[in-house]
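# Close look at the chain arrangement
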2 protein chains.
Amino acid sequence: MKRFVVGIDVGGTNVKLGLVNSSGRIISRTYFPTKSYIRSRNKLIDAIAQAVLRLLRAARVPQSSVLGIGLGLPGLIDPQRGFVNFLPNIPGWKNVPLKKMLEKKLRLPVFIDNDAKIVALAEWKFGSGRGFDHLVCLTLGTGVGSGLILDGRLYRGADNTAGELGHLPLNEKGAACNCGGVACLERTIGNRYLVQRSRKIFGKGLEPQAVGKLAKRGDARALRFWKETAEHLGNALAGVVNLLNPQCIVVGGGVANNFRFMRKTLIEVLRRRALRVPARRVKVVRARLVKDAGILGARVLVEQSLGRSS
Amino acid sequence: MKRFVVGIDVGGTNVKLGLVNSSGRIISRTYFPTKSYIRSRNKLIDAIAQAVLRLLRAARVPQSSVLGIGLGLPGLIDPQRGFVNFLPNIPGWKNVPLKKMLEKKLRLPVFIDNDAKIVALAEWKFGSGRGFDHLVCLTLGTGVGSGLILDGRLYRGADNTAGELGHLPLNEKGAACNCGGVACLERTIGNRYLVQRSRKIFGKGLEPQAVGKLAKRGDARALRFWKETAEHLGNALAGVVNLLNPQCIVVGGGVANNFRFMRKTLIEVLRRRALRVPARRVKVVRARLVKDAGILGARVLVEQSLGRSS
């Protein structure tokens, strides 16, 4: 019986692979650094195919038991046509027919999608978002993004770019963002801008993790840092709550390790700024799957693409 | 054959009724002022039922030819249970089982929904939004709201409050809005705030219609007034475009009579502030159905609720 899926999370730093069984458990895994192949697109694709075969061999799972391969990539993906349109952080990836290329190498069905969307699928089926039909799954890190589950399915929009929550304007005027816009949420709470702000407060640039450690010890400046971060995020989420009336917002990504220092303020801001009914409805919770979300979500992608429920 | 639908648009000023045939044409209509019945909820419901029967008699359409009755109401509606939860502008309406009450009086299937959602259904099936699977249908008037068509169906959210675009924060700080929030879009471009702003520019408060007349004659201050209005609206829509990646934004409501003075700026702001791919995708067009949208959308609501395609 075809019951396994290989989930692959292609990041700017590492490519992580996991063999996922039918109950959503990762029974075997491997990874390799993306940078070794960053100069050649085709070598990276080769390395991915080789790693899949190695993973199956090591777990003694024959290819005939594999339902399919799912990949999440950090960029603009066309899941219908199976094309990587563009990866902003991995050079040389523009209009690559990745699905077809990997299917030829592996002789297995391959499905690809944007990584934030795959994380949302994972949290929805296996994580903190279980049981919700209307879900915003937020990723806080270098970039700020989200995947939207609306009416019980992944919402992609016209070009698969839906969910770009990091580029919601926080204000009408403000600093220029990398995206070309101004005053975007990501321009305020994206990792590097958090470090910038920490410099003003602590006299030197601290990574969010370090500020988290200080907050844990009760450092007042660190606690205020997270409160302010939560206020900015809450202001943007108030708009999302009013627009989408979700049941749940799942907060994930590296910065979400500090969720406990932001939760109370986030909920306060939503109660204060969003409309009464949707503000009372929405739960704000921390993501559960963290580093495995990309691999587990790939299983959901493969099952949904093949028309199986998961 | 059951081929007619009675569409009813319950507004703060008038209740408008129309008999809609299967090709989406209004073949007969009537209306009465809401105010005559504003003191008694039950009298208003009686008046609606009487008006339906009069409309059918006048058009010589027997009740047996009517598929159902659709009503749009300005407030929080529970279409599944058929309850009016709350109407902010018509006193005495709180948790009213309107569907059941009217079905008892009329012996026909009755369906109810929020008016902005019904307008979106109308523009999607019969108006400017035809053919689009991902559509934001904006209403600009006293209130600023929208109906969302996502993945080819009306998106309601967890409590049927989705689409409250007027309460997207334009800024992190700003003037208090009626909704309890601050710096909402509606607090800047809702009708009364447009009148307030006109006072600063023209020395006296002008209704949007009057500023439109001046703009038509080429008055520079009036043109600037609409340009500024479009800038505010565009700033909010940039976030919506990034979040939802819609194919089309339909701009309706009374203030949209001045769409021609806002269109260019709206598109400019979206190109400038939204991400490249979704900004290039989205069309911004004026609503086509205007005063009939509430009646025509009711036909779509009835058909969809009865499981028929329209």
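So, a few notes on the structure that sits alongside this text. Everything quoted here is computed from the prediction, not taken from an experiment.

## A short note on the interface of chain B and chain A
With 46 residues of chain B at the contact, the number on the chain A side is 46 residues. For the pair chain B and chain A, the summed buried surface comes to about 3900 Å²; carbon and sulfur atoms form 52% of the total. Between chain B and chain A we count two salt bridges in total. Among the salt bridges present, the one from D159 of chain A reaches R281 of chain B, with a minimum N-O distance of 2.5 Å. At the boundary of chain B with chain A, the tally comes to 36 residue pairs in polar contact (both at pLDDT 80 or more).

## A look at the sheet that holds strand β6 (residues 83-86) of chain A
All names here are of chain A. Read from one edge to the other, the open sheet built from three strands follows the order β5-β6-β7, with strand pairing classed as antiparallel. Edge strands, defined here as strands with exactly one partner in the open sheet, are β5 (76-78) and β7 (94-96). Ignoring strand direction, the axes of neighbouring strands in this sheet form an average angle of 15°. Judged from the three bridges that link them, β5 and β6 form a sheet pairing that is antiparallel. Among the inter-strand pairings, D78 is bridged to a residue of β6, identified as F83.

## Observations concerning the nonpolar core
One finds L244 of chain A together with L244 of chain B to be the most contacted residues of the largest nonpolar core, which totals 90 residues. Contact partners of L244 of chain A, with chain neighbours within four places excluded, come to L148 and L150 of chain A together with L148, Y155, G157, A162, L243 and L244 of chain B.

## Here we look at the sheet that holds strand β10 (residues 144-150) of chain B
Residues and elements named next belong to chain B. Strand order across the open sheet formed by five strands is β11-β10-β9-β12-β13, with mixed pairing between neighbours. Single-partner strands in this sheet number two, and they are β11 (153-155) and β13 (283-286). Sheet twist, expressed as the average angle between the axes of neighbouring strands with direction ignored, equals 25°. As paired strands, strand β9 (residues 135-140) and strand β12 (residues 248-252) are joined by five bridges and run parallel to one another. Looking at the pairing, T139 lines up with G252 of β12. The strands touched by helix α3 (residues 115-126) within the sheet are β9, β10, β11 and β12, with β10 carrying the most contacts at an inclination of about 50°. Against the sheet, helix α7 (residues 220-244) touches β9, β10 and β12, its axis set at about 160° to β9.

## A closer look at the packing of helix α6 (residues 208-216) of chain B against α7 of chain B
Packed helices, taken two at a time, are described by their axes: the angle between them and the distance between them. Residues and elements named next belong to chain B. In the contact formed by α6 and α7, the axes pass within 7 Å of each other and the chain directions differ by 125°. Compared by their axis directions, α6 and α7 come out oblique. In terms of crossing hand, the pair formed by α6 and α7 is left-handed. Residues P208, V211, G212, L214 and A215 of α6 form the contact with α7, whose own contacting residues are A222, L223, F225 and W226. Along the lines of polarity and charge, the residues of the contact of α6 with α7 split into eight nonpolar, one polar and no charged.

## Let's talk about the pattern of salt bridges
One pass over the structure, following the stated rule, counts 24 salt bridges over all chains. In this structure, K105 of chain B and D46 of chain B form a salt bridge, with 2.9 Å as the shortest nitrogen-oxygen distance. Of this pair, K105 of chain B sits in helix α2 (residues 98-106) while D46 of chain B is found in helix α1 (residues 41-58), placing the two residues 59 residues apart along the sequence. Assessed through its relative accessible area of 35%, D46 of chain B is described here as partly exposed. Notably, a salt bridge pairs R221 of chain B with D219 of chain B, separated by 3.6 Å at the nearest N-O pair. Exposure remark for R221 of chain B: the relative accessible area of 39% places this residue in the partly exposed category. Among the charged side chains, a network of salt bridges with common partners joins R197, R224 and E228 of chain A.

## Some details on helix α8 (residues 259-273) of chain A
All names here are of chain A. For α8, built from 15 residues, the straight-helix expectation of 21 Å at 1.5 Å per residue is met to within 8% by its first-to-last C-alpha distance of 20 Å. Residues of α8 that are buried include every one of F259, F261, M262, T265, L266, V269, L270 and R273, and no others. Tucked inside the fold, the buried residues of α8 contact β9 (135-140), α6 (208-216), α7 (220-244), β12 (248-252), α9 (276-281) and β13 (283-286).

Basis of the calculations
- Starting afresh in each chain, residues are numbered from 1 along the sequence in its written order.
- Chain letters and ligand numbers both follow the written order, the letters beginning at A and the numbers at 1.
- Local features in this predicted model are restricted to residues whose pLDDT is 70 or higher, and side-chain atom pairs enter the listing and the counts only when it is 80 or higher, whereas totals over whole chains, interfaces and linings include all residues.
- The basis for every side-chain value is the complete set of heavy atoms in the structure, and neither hydrogens nor water enter the calculation.
- In what follows, a contact means two residues having at least one pair of non-hydrogen atoms within 4.5 Å.
- As a working definition, buried area equals the accessible area (1.4 Å probe) given up by two parts on being put together, with both sides summed.
- Note on definitions: salt bridges are taken to be side-chain nitrogens of Lys or Arg within 4 Å of carboxyl oxygens of Asp or Glu.
- N or O atoms closer than or at 3.5 Å make up a polar contact, with two conditions inside protein: a donor-capable atom paired with an acceptor-capable one, and, for residues adjacent in sequence, both atoms drawn from side chains.
- Any two strands between which DSSP finds at least two bridges are classified as paired.
- Here a helix means four or more residues in a row that DSSP labels H or I, a strand means two or more in a row labelled E, and each is numbered from the N terminus.
- With axes taken as lines fitted to C-alpha atoms, and helix axes fitted only over the stretch in contact, angles between N-to-C directions fall between 0 and 180 degrees.
- As used in this record, nonpolar core signifies buried Ala, Val, Leu, Ile, Met, Phe, Trp, Tyr and Cys residues forming a set joined through side-chain atoms within 4.5 Å.
- Only protein chains enter the accessibility calculation, which uses a 1.4 Å probe; a residue whose area is less than 20% of its type maximum is buried, one above 50% is exposed, and one in between is partly exposed.
- Angles are sorted into four bins: roughly parallel if under 35 degrees, roughly antiparallel if over 145, roughly perpendicular if 65 to 115, and oblique for all others.
- Each crossing gets its handedness from the near helix: less than a right angle anticlockwise from the far helix is left-handed, clockwise is right-handed.
- By the convention adopted, Pro, Cys, Tyr, Trp, Phe, Met, Ile, Leu, Val and Ala count as nonpolar, Lys, Arg, Asp and Glu as charged, and the other residues, Gly among them, as polar.
- By this rule the span expected of a helix is its residue count minus one, scaled by 1.5 Å.

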